[in-house]
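# Summary of the model geometry
Listed below are the residues making up each chain.
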Amino acid sequence: MRGKIALEEHFATAETVQDSAGFVPESYWPELKARLLDIHERRLFEMDAHGVETMILSLNAPAVQAVRETGRAIELARRANDALAEQVARRPDRFQAFAALPMQDPEAAARELERCMRDLGFRGALVNGFSQRGDGDATLYYDHADYRGFWRAAQALDAPFYLHPRNPLAAHAEIYRGHEWLLGPTWAFGQETAVHALRLIGSGLFDECPDLKIILGHLGEGLPYSLWRIDHRNGWVKHPPRHRAKGSIASYVQRNFWLTTSGNFRTQTLIDAILELGADRILFSVDWPFENVDHAAHWFDAASISENDRRKIGRTNAMNLFKLDDASTGALVRAAE
Ligand code: MN
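Each residue is numbered by its place in its chain's sequence as written, counting from 1. Where local features are concerned, this predicted model is filtered to residues with pLDDT of at least 70; where side-chain atom pairs are given and counted, the filter is 80 or more; whole-chain, interface and lining totals use all residues. Computation of side-chain values covers all heavy atoms of the structure but excludes hydrogens and water.

### Quick look at the overall build of the chain
Summing up its helical and strand segments, the chain has 13 helices and eight strands in all. For the chain, the spread of C-alpha atoms along the three principal axes comes to 65 × 45 × 45 Å. Throughout this description, buried means an accessible area under 20% of the type-specific maximum (1.4 Å probe, protein chains only), exposed means over 50%, and partly exposed covers the range between. Looking at the chain as a whole, 56% of its 337 residues qualify as buried. We call two residues in contact when some of their heavy atoms are within 4.5 Å. If you take every contact in the chain between residues at least 6 apart in sequence, the share linking residues at least 24 apart comes to 77%. The positive count covers Lys and Arg only, the negative count covers Asp and Glu only, and His and the chain ends enter neither. Lys charges are placed at NZ, Arg charges at CZ, Asp charges at CG and Glu charges at CD. For the chain, the distance from the average position of its 39 positive side-chain charges to the average position of its 46 negative side-chain charges is 4 Å. Helical segments are the DSSP runs of H or I of at least four residues, strand segments are the runs of E of at least two, and each set is numbered from the N terminus.

Below is the structure:
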């Protein structure tokens, strides 16, 4: 399929690139590092070769979220966003941007999101899970009451928020001790991110901000497969749910969430996600440079779904969600050539 739009696609700056070391064996690091630091060469070549018209770019992980000093987190986010805006301005027909946000300070994060959306033309934000602040192993999850103002601002800006994985802190990862192979994309990323998403829902956030738009990668971090069970545990025991949300958990996932195919190129899983959320809420993505564009595209282009769904998931759902038009995604540029 030509004209695909992909939106979990990462880059790094010289300041943040080292955060991605360790996610591949050392012998692969030179390749991964080069992929992260490149925007206009290898990346565009891969996009052209495999029918990806537009990538919405985001900073690598955990980057800003792991900066314990709030002032430094604010400055790093600003520098990274300015650097990304410059790159996108060189090829706005092929690249768009998600903001990195200093969630260590909810008000500063809201201000930076507003700056990115209004002044830089960004399409939303991508945040790498919980944030760290100060010494010790404290973690900031965004269901906390301190973040309600931030969420109201995101809703007012109509800025989709991509909740991207990071690993749990070592102090919170006892269950993985001795089984470090489970960290990262194998399992811990999904577990960490799914629980964070459930915390947001259970806190009642979406009753207060019913128009918030949350994106999860990796076909929903396991949530679609578990939705029924989350709401129906011990179904013979009649008692009200113990979370603060008014509706069922599934009802919010189906109303406030969008999922991408990033790093999860499996038709069986895609069909489950379509069955739970509908084809209007699934979007094609790669997870470049950690996954290959050809692996994502070859799988998606041939997946046994209808051509109508392929068009939606590959392109038009993203155009609607991010208010992209044919001019901003290059179709007019190409037609004129
Ligand atoms: Mn990713």
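### A short note on the coordination of the manganese ion
For Na, K and Ca the donor cutoff is 3.2 Å, while for all other metals N, O and S atoms must lie within 2.8 Å; water is not among the atoms, so some sites may look incomplete. For the manganese ion, the full set of protein donor atoms is Glu8 (OE), His10 (NE2), His164 (NE2) and Asp287 (OD), and the range of their distances to it is 2.0 to 2.3 Å. Positions of the donor residues of the manganese ion along the chain correspond to the pattern E-x1-H-x153-H-x122-D. Here Glu8, found in strand β1 (residues 4–11), pairs with Asp287, found in the loop between β8 (282–283) and α11 (293–302); they are 279 residues apart in sequence, far enough to count as distant. Asp287 carries the same exposure label as Glu8, and that label is buried.

### Focus on the packing of aromatic side chains
Put simply, two rings from Phe, Tyr or Trp (the six-membered ring, in Trp's case) pair if the centres are within 6.5 Å, and we call them stacked under 30 degrees between planes, edge-to-face over 60, tilted for the rest. In this structure the tally under the stated criterion is 13 aromatic pairs. One aromatic cluster is present, formed by Phe265, Phe284, Trp299 and Phe300 through successive ring pairs. When the ring centre of Phe284 is taken as reference, the NZ or CZ atom of Lys4 above it lies at 5.7 Å. If you follow Arg281 out to its NZ or CZ, it ends over the ring of Trp258, 4.1 Å from the centre. Here, a charge over a ring is recorded when the distance from Lys NZ or Arg CZ to the ring centre is within 6 Å and its angle to the ring normal is within 35 degrees.

### With respect to the pairing of strand β2 (residues 52–59)
In terms of residue burial, β2 counts as a mostly covered element, since eight of its eight residues are buried. Where β1 meets β2, six bridges bridge the pair, whose relative direction is parallel. Residue pairing in the sheet places His10 in a bridge with Ser58 of β2. One ladder, built from three bridges, connects β2 with strand β3 (residues 95–97); its direction is parallel. When the bridges of β3 are listed, Met55 appears paired with Phe95. A crossover counts as right-handed when, viewed with the strands pointing away from the observer, the path leading from the first strand over the helix to the second turns clockwise. Handedness of the β2-helix α3 (residues 70–90)-β3 crossover: right-handed. Two strands are counted as paired when DSSP detects at least two bridges linking them.

### Remarks on the pattern of salt bridges
One side-chain nitrogen of Lys or Arg within 4 Å of one carboxyl oxygen of Asp or Glu is enough to make a salt bridge. Evaluation of the coordinates by the stated rule reveals 20 salt bridges. Among the salt bridges present, the one from Glu46 reaches Arg42, with a minimum N-O distance of 2.8 Å. In this pair, Glu46 and Arg42 both sit in helix α2 (residues 42–49), four residues apart, roughly one turn of the helix. With relative accessibility at 9%, the residue Glu46 sits in the buried group. Judged by relative accessible area, which is 33%, Arg42 ranks as partly exposed.

### Re the sheet that holds strand β7 (residues 257–260)
Sheet architecture is open: five strands sit in the order β4-β5-β6-β7-β8, paired in parallel fashion. The sheet is open, and its two borders are formed by β4 (125–127) and β8, each paired with just one other strand. One ladder, built from three bridges, connects β4 with strand β5 (residues 161–163); its direction is parallel. Residue pairing in the sheet places Val127 in a bridge with Leu163 of β5. Each axis is a line fitted through C-alpha atoms, taken for helices only over the stretch in contact, and angles between the N-to-C directions span 0 to 180 degrees. Contacts between helix α6 (residues 188–202) and the sheet are confined to β5, β6 (214–216) and β7, with β5 contributing the most and set at about 135 degrees to the helix.

### Quick notes on unusual backbone geometry
Look at the link from Ala61 to Pro62: it is a cis peptide, with omega at -5 degrees. With respect to the element layout, Pro62 can be found in the loop between β2 and α3. With phi around 45 degrees, Ala63 is a residue other than glycine that occupies positive phi space. With respect to the element layout, Ala63 can be found in the loop between β2 and α3. Residue classification places Ala63 among the buried residues on the basis of a relative accessible area of 4%. You will see that Lys323, though not glycine, has its phi angle at about 55 degrees, which is positive.

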